[in-house]
Amino acid sequence: MAERKTEVKRTPEVPYKALTLGILLWLFVTWLFFGQGIIQHIDLAEGQRVPSTIVASVDFECENLGETAFQRTKAANAIPPVFTINPAPTKRATEVVDKVFDRLEQLATAPTNQLQVIRNSMGDLLVGTSIDTQELTRLFPTNGIAQTKALLTSNIAEVMAAGIISDESRRTLFRDDPARKLTILLDEAGTLVKTVSQEDVFSTQKARRVICGKMGTPPQRELAERLLAMLIVNNMTYDEAFTEKLRNEATGQIDPVMQQYLAGSTLVRAGESATQQTLLLLKHHEQKRKQQQAVLEQVMEIVGNGVLLLAGLIATAVILRTVAPKLILQPHKLLLMVVLSLFTLGIARLLTYLSVQYSLIPPALLMYLVPHALAVLLASGAGGSQDRVEALMW
């Protein structure tokens, strides 16, 4: 009699550890991408044509970049150019004038054998001018030399302390606009300044006329102006760094100009080129829309996206069950896959966050960078071994 064999039915083993890892992965990814709400990504780059007209669905405020830039430029232009006064030309001019008139006084009292030495010394001081010693001695009598010297040196110090600016600076920095003012630094630290009009400073020609204007006779004034032609020079230097510092401080005090947009207003029309203002409008509109969205709607949105993620996870599990059935029963391998996945998803989420919240990454660049986040999984799946094939399927 044939022996009858009975088969014992084996109860299918439930991979509890794999299920637990899958659920934890699903919950974490749902929180990572949707836990703070969903800000719709703006798939536009600056300069790109807008495919369709976008209309505001809520009231919101947004900075008017053009008006803000205009107000800040206006504030910067209101800051006068800053100049420093170099004391060296004043010192040299007064020293030369003192020495020339000292020599004139010496000529009146010096012995005959020293006259030529004094004349030669005066000639050295007058190099570069069309003046000779005889002209000086003829026009300035001995009894008026001290008074003339004192008048010239005091006038030189006064005029050059006010400042002598070049014609080039007037053209480039003031655009030949006499109404514009300028600031003069009075100390190296920049704590003492004074703002004056252009009429309060001198050109070289005007400075020579003012210095010599109170001298006795016209020939004396003409000769003094010729003497000062090589001594009265521009002594004002444009301080670009300090000017920019003051202008940056002024622009920093200008608040962004905000503009109100009502629901139903057109934000951008189809076919228009996306500008920086367009992208900012869409970003603020989406943020405001999210703020006004009901809590229930937000929860339902998160649940809906979570269900989609869950469906993807189930599809992945089914594929792995078919292609690599042993992988489901090996928690240590699954844990490795989960860690690789979290690393990949974390990079993708970081790139998206930097793009949407801080505009550090342009949307066009983001579309190329996010696929690179898969490099970790793709690299682990390169090759032909069973483990690598399983990683690639994951």
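Up top is the structure these notes are about.
Since we're looking at a predicted model, the values are computed, not measured.

Definitions and limits used
- Residues numbered from 1 in each chain as written.
- Predicted model: local features only at pLDDT ≥ 70, side-chain atom pairs only at ≥ 80, totals over all residues.
- Heavy atoms only, no water.
- Axes fitted to C-alpha atoms, helices over the stretch in contact; angles between N-to-C directions.
- Helix = DSSP H or I, 4+ residues; strand = E, 2+ residues; numbered from the N terminus.
- Parallel < 35°, antiparallel > 145°, perpendicular 65-115°, else oblique.
- Left-handed = near helix turned anticlockwise from the far one by under 90°.
- Contact = heavy atoms within 4.5 Å.
- Nonpolar A, V, L, I, M, F, W, Y, C, P; charged D, E, K, R; others polar.
- Pairing = 2+ DSSP bridges.
- Phe/Tyr/Trp six-rings, centres within 6.5 Å; stacked < 30°, edge-to-face > 60°.
- Buried < 20%, exposed > 50% of the residue type's maximum accessible area, 1.4 Å probe, protein only.
- Core = buried A, V, L, I, M, F, W, Y, C linked by side-chain atoms within 4.5 Å.
- Arc of directions from axis to C-beta.
- Expected span 1.5 Å × (residues − 1).
- Salt bridge = Lys/Arg side-chain N within 4 Å of Asp/Glu carboxyl O.

Break down the packing of helix α3 (residues 88-109) against helix α4 (residues 112-125) for me, with residues and values.
One way to put it is that α3 packs onto α4 with a least axis distance of 10 Å and a crossing angle of 160°. Here α3 lies roughly antiparallel to α4, going by the angle between them. Handedness of the α3/α4 crossing: left-handed. Each of Val96, Lys99, Val100, Arg103, Leu104, Gln106 and Leu107 in α3 lies in contact with α4, whose residues at this interface are Leu115, Ile118, Arg119, Ser121, Met122 and Leu125. Looking at the contact of α3 with α4, its residues break down into eight nonpolar, two polar and three charged.

Just give me the short version of the pairing of strand β3 (residues 82-85), but keep the residues and values in it.
Of the strand pairs in this sheet, β3 and strand β4 (residues 181-185) are connected by three bridges, and their pairing is parallel. Each bridged residue has a counterpart across the sheet, and for phenylalanine 83 the counterpart in β4 is isoleucine 184. As paired elements, β3 and strand β6 (residues 236-238) share three bridges and run antiparallel to each other. Paired with threonine 84 across the two strands is threonine 237, which belongs to β6.

Tell me about the packing of aromatic side chains, and please be specific about residues and values.
Taken as a whole, this structure holds three aromatic pairs when the rule is applied. When the ring of phenylalanine 83 is compared with that of phenylalanine 174, the centres are 6.2 Å apart and the planes differ by 10°; the resulting orientation is stacked. Placement of the pair is phenylalanine 83 in strand β3 and phenylalanine 174 in helix α7 (residues 167-174), with a sequence separation of 91 residues. Look at phenylalanine 83 and tyrosine 238: their rings are 5.8 Å apart centre to centre, the planes differ by 55°, and that puts the pair in the tilted class. Of this pair, phenylalanine 83 sits in strand β3 while tyrosine 238 sits in strand β6, and the two are 155 residues apart along the sequence. The exposure class of phenylalanine 83 is buried, given its relative accessible area of 0%. Of the aromatic side chains, those joined through ring pairs into one cluster are Phe83, Phe174 and Tyr238.

Which residues make up the nonpolar core, and what values do they have?
Core analysis: the largest hydrophobic core is formed by 35 residues, its most contacted members being Phe101, Leu136, Leu152 and Leu228. Among the elements of the structure, α3, α4, α5 (133-139), α6 (145-162), α8 (204-212) and α9 (218-228) are those that each provide at least two residues to this core. At seven residues, the largest contribution of residues to this core is made by α3. Leave out the neighbours within four places in its chain, and leucine 152 touches Val97, Phe101, Ile211, Cys212, Met215, Ala224 and Leu228.

Describe α7, naming the residues involved and giving the relevant values.
Among the residues making up α7, those that are buried are Ser169, Arg170, Leu173 and Phe174. Along the long axis of α7, the arc covered by the buried residues comes to 100°, so they all point the same way. The exposed residues of α7 that point more than 90 degrees off its buried face are Glu168 and Thr172.

Provide a residue-level description of the packing of α8 against α9, including the pertinent values.
Here α8 crosses α9 at 135°, and the two axes come no closer than 9 Å. When the axis of α8 is compared with that of α9, the two are oblique. The hand of the α8/α9 crossing is right-handed. Contacts between α8 and α9 involve Arg208, Arg209, Ile211 and Cys212 on the former and, on the latter, Arg221, Ala224, Glu225 and Leu228.

Would you mind going over helix α11 (residues 276-292) in detail, with residue names and values included?
For α11, built from 17 residues, the straight-helix expectation of 24 Å at 1.5 Å per residue is met to within 8% by its first-to-last C-alpha distance of 25 Å. Gln277, Thr278, Leu279, Leu281, Leu282, Lys283, His285, Glu286 and Lys290 are the residues of α11 that are buried.

Any chance you could break down the pattern of salt bridges for me, citing the residues and the numbers?
Side-chain pairs of opposite charge can arise where the charged atoms are in close proximity. Per the counting criterion, the structure on display carries four salt bridges. With a closest N to O distance of 3.0 Å, glutamate 249 and lysine 245 form a salt bridge. With glutamate 249 and lysine 245 both in helix α10 (residues 240-252), this residue pair falls four residues apart, about one helical turn. For glutamate 286, the salt bridge goes to arginine 289, with nearest N and O atoms at 2.4 Å. On the criterion of helical spacing, the pair formed by glutamate 286 and arginine 289 is a turn pair, its members being three residues apart in helix α11. Accessibility expressed as a relative area gives 10% for glutamate 286, which makes it buried.

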